[in-house]
Amino acid sequence: MVMNPKQVFLSVLLFGVAGLLLFMYLQIWIEEQHTGRMEKKREQKAIAGWGSVNYLQPVPRIMTREKIQEHNTNQNPKYHIPEDPKKKTENLLFNSERSTGVLTETSHSQREGQALGKTTESPTFKLIEKRQRTKTLFKKFKEMNWPLDIHPLNKSLVKDNKWRRTDETQEKRRSFLQEFCKKYGGVSHPQSQLFHMVSRIYVEDKHKILYCEVPKAGCSNWKRILMVLNGLAPSAYNISHDAVHYGKHLKKLDSFDLRGIYTRLNTYTKAVFVRDPMERLVSAFRDKFEHPNSYYHPVFGKAIIKKYRPNACEEALNNGSGVKFKEFVHYLLDSHRPVGMDIHWEKVSKLCYPCLINYDFVGKFETLEEDANYFLEIIGAPKELKFPNFKDRHSTDERTNAEVVRQYLKDLTRTERQLVYDFYYLDYLMFNYTTPFL
């Protein structure tokens, strides 16, 4: 039988429609399977490790009572920086509803489920039960009142009177930060994105330390100290830069399950070391853009030169080398940056969340050795372990200090200098740094 052209056209059309419908059905089925697997993984991570602990009791020193604020997790958020410190400051806290950041309850609902007999052995029933427990405890968690008070440092291991002045300074810093966090408000109902909030915190279990990494504030040598305390090296002086930053020898707090995170936040000694924001910014620029760098030049340098340098030469556009400080500042202040932020010049308030995580120890780069060695005394570190004082990289360069910063700021207009200060305004205020001469 010979088909006429009209019949051929209809046959092809029908086959095409059938094929399209089949493709759409397969696509939906694949998406459903993928979603199911992802939900199962998230459920397992949220539930892992909770045991029979009573999590319905208020947990101290994790969140503030009424100071929880919303944190925008976009790659390039813009904080509102008020001109008057008496006005409402920037929101520090986090958003809710991260799927891995939920709590589970093991108590009454579990015992009831076990009483139902063999039906509770069904995987479907267990999954429903776990989800219900998650929702129940997460609801209770959001309704809790979290105390703001910072617990006193345990100084029982400090025997030497030479630390008296250092201790007085430390208490003033802690009190100042606490009062700051009380004064500048947040929303009244805590909702956590905990895993993101603790992603910069390193863990040393033997001496029960949590250290929040602030780049360009002595973090390389602090990681060396943590490696020695962990028994990973005999001395801080023979650990290379690459071993510190790329060796993945140290654990971060977000690698633990929820129970592990909360337990450590409530029982370990938490430390953060900060630095004058303008000095830290110049130090980061000198390190990343004034020396050969196989990452920052092609990733950041090329994008910065392309957007902020008129009539850039072909060589600069191709290799990203030779970024000027003024161009770097334009990138920093641009709400539509051509490439995202980086931890080396990110605000401390967004790296360590000091008004959410009540740090027991606030060290400063300006008194780094003294503060660090006092902290080692507090946590009972070996007597022979002292904080290293060497420059991690570019050891022949002059250290970035106030005079060096002034030289770099000369390249900026008064307005640009003011905008940089405004950008780091919260860090200046929170850690009681003196306003720079602009």
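Residues numbered from 1 in each chain as written. Predicted model: local features only at pLDDT ≥ 70, side-chain atom pairs only at ≥ 80, totals over all residues. Heavy atoms only, no water.

**Here's the deal with the overall build of the chain**
Okay, step 1: Secondary structure summary: the chain contains 17 helices and five strands in total.
Okay, step 2: Looking at the chain as shown, the accessible area adds up to about 23400 Å², and 54% of this sits on carbon and sulfur atoms. (Helix = DSSP H or I, 4+ residues; strand = E, 2+ residues; numbered from the N terminus. Areas by Shrake-Rupley, 256 points an atom, 1.4 Å probe, with all protein chains shown as cover.)

**Side note on the sheet that holds strand β5 (residues 361-364)**
Okay, step 1: On the basis of which strands lie adjacent, the open sheet formed by five strands has the order β3-β1-β2-β4-β5 and mixed pairing. The two strands at the open ends of the sheet, each matched to only one other strand, are β3 (251-252) and β5.
Okay, step 2: Both strand β4 (residues 269-274) and β5 contribute to a ladder of four bridges, which runs parallel. What sits directly across from F273, in β5, is G363.
Okay, step 3: Its contacts with the sheet place helix α6 (residues 219-229) against β1 (201-204), β2 (209-212) and β4, and it is angled at close to 160° to β2.
Okay, step 4: The strands touched by helix α14 (residues 368-378) are β2, β4 and β5; relative to β5, the strand with the most contacts, the crossing angle is about 155°. (Pairing = 2+ DSSP bridges. Contact = heavy atoms within 4.5 Å. Axes fitted to C-alpha atoms, helices over the stretch in contact; angles between N-to-C directions.)

**A look at the confidence of the model for the chain**
Okay, step 1: Confidence in the prediction of the chain, expressed as mean pLDDT, is 77, and 69% of residues score 70 or more.
Okay, step 2: Of all helices and strands in the chain, the one with the weakest mean pLDDT is helix α2 (residues 108-115) (39), whereas helix α12 (residues 325-333) scores best (98).
Okay, step 3: Across residues 45-120, confidence stays below pLDDT 50; counting only partners more than four residues off in sequence or on other chains, it has 210 contacts.
Okay, step 4: Scored below 50 in pLDDT, residues 187-191 shows 17 contacts in the model against residues more than four places distant or in partner chains. (pLDDT = per-residue confidence, 0-100.)

**Description of the side chain of R200**
Okay, step 1: Positionally, R200 belongs in the loop between α5 (194-197) and β1.
Okay, step 2: One polar contact links R200 to E213, side chain to side chain, over a distance of 2.4 Å.
Okay, step 3: Those residues within four positions of R200 in sequence are excluded, and the remaining contacts are Y211, C212, E213, K252, I343 and L351. (Polar contact = N/O pair within 3.5 Å; in protein donor to acceptor, adjacent residues only side chain to side chain.)

**Side note on helix α15 (residues 402-409)**
Okay, step 1: Here α15 has its buried residues at V404, V405, Y408 and L409. Axial view of α15: buried residues confined to an arc of 135°, hence all on one face.
Okay, step 2: Along its buried surface, α15 packs onto α9 (277-289), α12 and α16 (414-423). (Buried < 20%, exposed > 50% of the residue type's maximum accessible area, 1.4 Å probe, protein only. Arc of directions from axis to C-beta.)

**Some points on the nonpolar core**
Okay, step 1: By size, the foremost hydrophobic cluster in this structure holds 69 residues, and its most contacted members are V198, L253, F289, F325, F328, Y331 and W345.
Okay, step 2: F289 has contacts with Y296, H297, F300, G301, I304, V323, F328 and W345, leaving out every residue within four places of it along the chain.
Okay, step 3: If you look at the next biggest cluster of nonpolar residues, it comprises 32 residues, including F375, I379, A381 and L385. (Core = buried A, V, L, I, M, F, W, Y, C linked by side-chain atoms within 4.5 Å.)

**Some points on the state of the cysteines**
Okay, step 1: Scanning the model with the defined rule gives two disulfides in all.
Okay, step 2: Once the disulfide-bonded cysteines of the chain are ranked by sequence position, their pairing pattern turns out to be 1-4, 2-3. (Disulfide = S-S within 2.5 Å.)

**Overview of a nonpolar patch on the surface**
Okay, step 1: A contiguous nonpolar patch, built from F9, L10, L13, V17, L20, L21, F23 and M24 and spanning about 810 Å² of accessible area, is present on the exposed surface.
Okay, step 2: Position of F23 among the secondary structure elements: in helix α1 (residues 5-47). (Patch = residues over 30% accessible without salt bridge, like charges linked within 9 Å, V, L, I, M, F, W, Y side chains within 5 Å. Salt bridge = Lys/Arg side-chain N within 4 Å of Asp/Glu carboxyl O.)

**As for the packing of helix α10 (residues 296-308) against α12**
Okay, step 1: At a closest axis distance of 10 Å, the pairing of α10 and α12 adopts a crossing angle of 90°. Relative to α12, the element α10 lies roughly perpendicular. On the side of α10, the interface is formed by F300, I304, I305 and Y308, while α12 contributes E327, F328, H330 and Y331.
Okay, step 2: Its residues assigned to classes, the contact of α10 with α12 shows six nonpolar, one polar and one charged. (Parallel < 35°, antiparallel > 145°, perpendicular 65-115°, else oblique. Nonpolar A, V, L, I, M, F, W, Y, C, P; charged D, E, K, R; others polar.)

**Comments concerning the packing of aromatic side chains**
Okay, step 1: Taken as a whole and assessed by the stated rule, the structure comprises 31 aromatic pairs.
Okay, step 2: Between F300 and Y331, the aromatic rings sit 6.2 Å apart at their centres with planes inclined by 80°, giving edge-to-face as the arrangement. Taken as a pair, F300 in helix α10 and Y331 in helix α12 lie far apart in primary sequence, 31 residues in all. Accessibility assignment for this pair places F300 and Y331 in one class, buried. (Phe/Tyr/Trp six-rings, centres within 6.5 Å; stacked < 30°, edge-to-face > 60°.)

**What about the environment of K223?**
Okay, step 1: Inspection of the secondary structure assignment puts K223 in helix α6.
Okay, step 2: In this structure, the C-alpha to C-alpha distance between K223 and H241, residues 18 residues apart in sequence, is 10.0 Å.
Okay, step 3: In this view, K223 contacts Y202, E213, V244, H245 and L250; residues no more than four positions away in its chain are not counted.

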